[in-house]
Amino acid sequence: MKHSIIKIILFSALFSLAFLSCQTVEPVAEDLTAKQLIQKGQDSYNVGNYPQALRYYNAVLERFGDNDLPLYIEAKYEIGHIYMKQKHYSYAKAVFEEILDIYSQTIPGQIPAAYKKLSEIELEKIPG
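Note that this is a predicted model, so its numbers are computed, not measured. (Residues numbered from 1 in each chain as written. Predicted model: local features only at pLDDT ≥ 70, side-chain atom pairs only at ≥ 80, totals over all residues. Heavy atoms only, no water.)

Here we come to the overall build of the protein. Looking only at helices and strands, the protein features 6 helices and 0 strands. For the protein, the α and β elements follow one another from N to C terminus as α-α-α-α-α-α. Within the protein, buried positions represent 35% of all 128 residues. For the protein, contacts bridging at least 24 residues in sequence account for 57% of all contacts bridging at least 6. Per element, the accessible surface of the protein, about 8500 Å² overall, is 59% carbon and sulfur. (Helix = DSSP H or I, 4+ residues; strand = E, 2+ residues; numbered from the N terminus. Buried < 20%, exposed > 50% of the residue type's maximum accessible area, 1.4 Å probe, protein only. Contact = heavy atoms within 4.5 Å. Areas by Shrake-Rupley, 256 points an atom, 1.4 Å probe, with all protein chains shown as cover.)

Written out as structure tokens, the structure is:
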């Protein structure tokens, strides 16, 4: 009986290590479009690979954010959402406050209103 429990514990530990090692952070291809980067970020998020998702969303900001404010807002929101999921509330708060600041400085309708409301909702969830 004791050996069975030890085997189960060892198997569980090995399985956990194997699972964690699958969450590698790969380089982001240079030729991806903004939509492809967003999709890859969502795919990575959906499988729980938050570091890789963050890389894709940050690549959107670096490559396309200066020229496309709605795209910048979308990528920023997704980054904040990941921080919330990881319980990195101070980082998430800074992201959502930046998004709301951008909305306060733009003409209504210039960027999709959904991310403003979503950011407000996320800010309300932050403990503190």
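With that settled, the discussion passes to the packing of aromatic side chains. Applying the stated criterion to the full structure yields 4 aromatic pairs. On the basis of an interplanar angle of 40° and a centroid distance of 5.4 Å, the ring pair of Tyr-45 and Tyr-50 is categorised as tilted. Here Tyr-45 matches Tyr-50 in class, with each residue buried. Here Tyr-77 and Phe-96 contribute two aromatic rings whose centre-to-centre distance is 5.7 Å and whose plane-to-plane angle is 45°, an arrangement assigned as tilted. A residue pair is termed long-range when its members are at least 10 positions apart, and Tyr-77 in helix 4 (residues 69–85) and Phe-96 in helix 5 (residues 89–104) qualify at 19 residues. Residue Tyr-77 is classed as buried on the basis of its relative accessible area, which comes to 7%. Here the aromatic residues Tyr-77, Phe-96 and Tyr-115 are joined through ring pairs into a cluster of three or more. (Phe/Tyr/Trp six-rings, centres within 6.5 Å; stacked < 30°, edge-to-face > 60°.)

Our next topic: helix 2 (residues 34–46). The end-to-end C-alpha distance of helix 2, which contains 13 residues, comes to 18 Å, matching closely the 18 Å that a straight helix rising 1.5 Å per residue would cover. All buried positions along helix 2 are accounted for by Ala-34, Leu-37, Ile-38, Gly-41, Ser-44 and Tyr-45. Down the axis of helix 2, the buried set is contained in an arc of 125°. They therefore lie on one face. Exposed side of helix 2, more than 90 degrees from the buried face: Lys-35 and Asn-46 are the residues found there. Looking at the buried side of helix 2, the elements it contacts are helix 3 (50–64) and helix 4. Following helix 2 by one or two positions, Gly-48 adopts a phi angle in the positive range, close to 80°. (Expected span 1.5 Å × (residues − 1). Arc of directions from axis to C-beta.)

Here the alpha-carbon distance between Tyr-77 and Ala-92, two residues 15 residues apart in the chain, equals 9.0 Å. Not counting chain neighbours up to four residues away, the residues in contact with Tyr-77 comprise Phe-96, Ile-99, Tyr-115, Leu-118, Ser-119 and Glu-122.

Residues apart from glycine generally show negative phi values, whereas peptide bonds are mostly found in trans. The backbone phi angle of Lys-87 is positive, close to 65°, even though this residue is not glycine. Classification of Lys-87 by relative accessible area gives exposed; the value is 59%.

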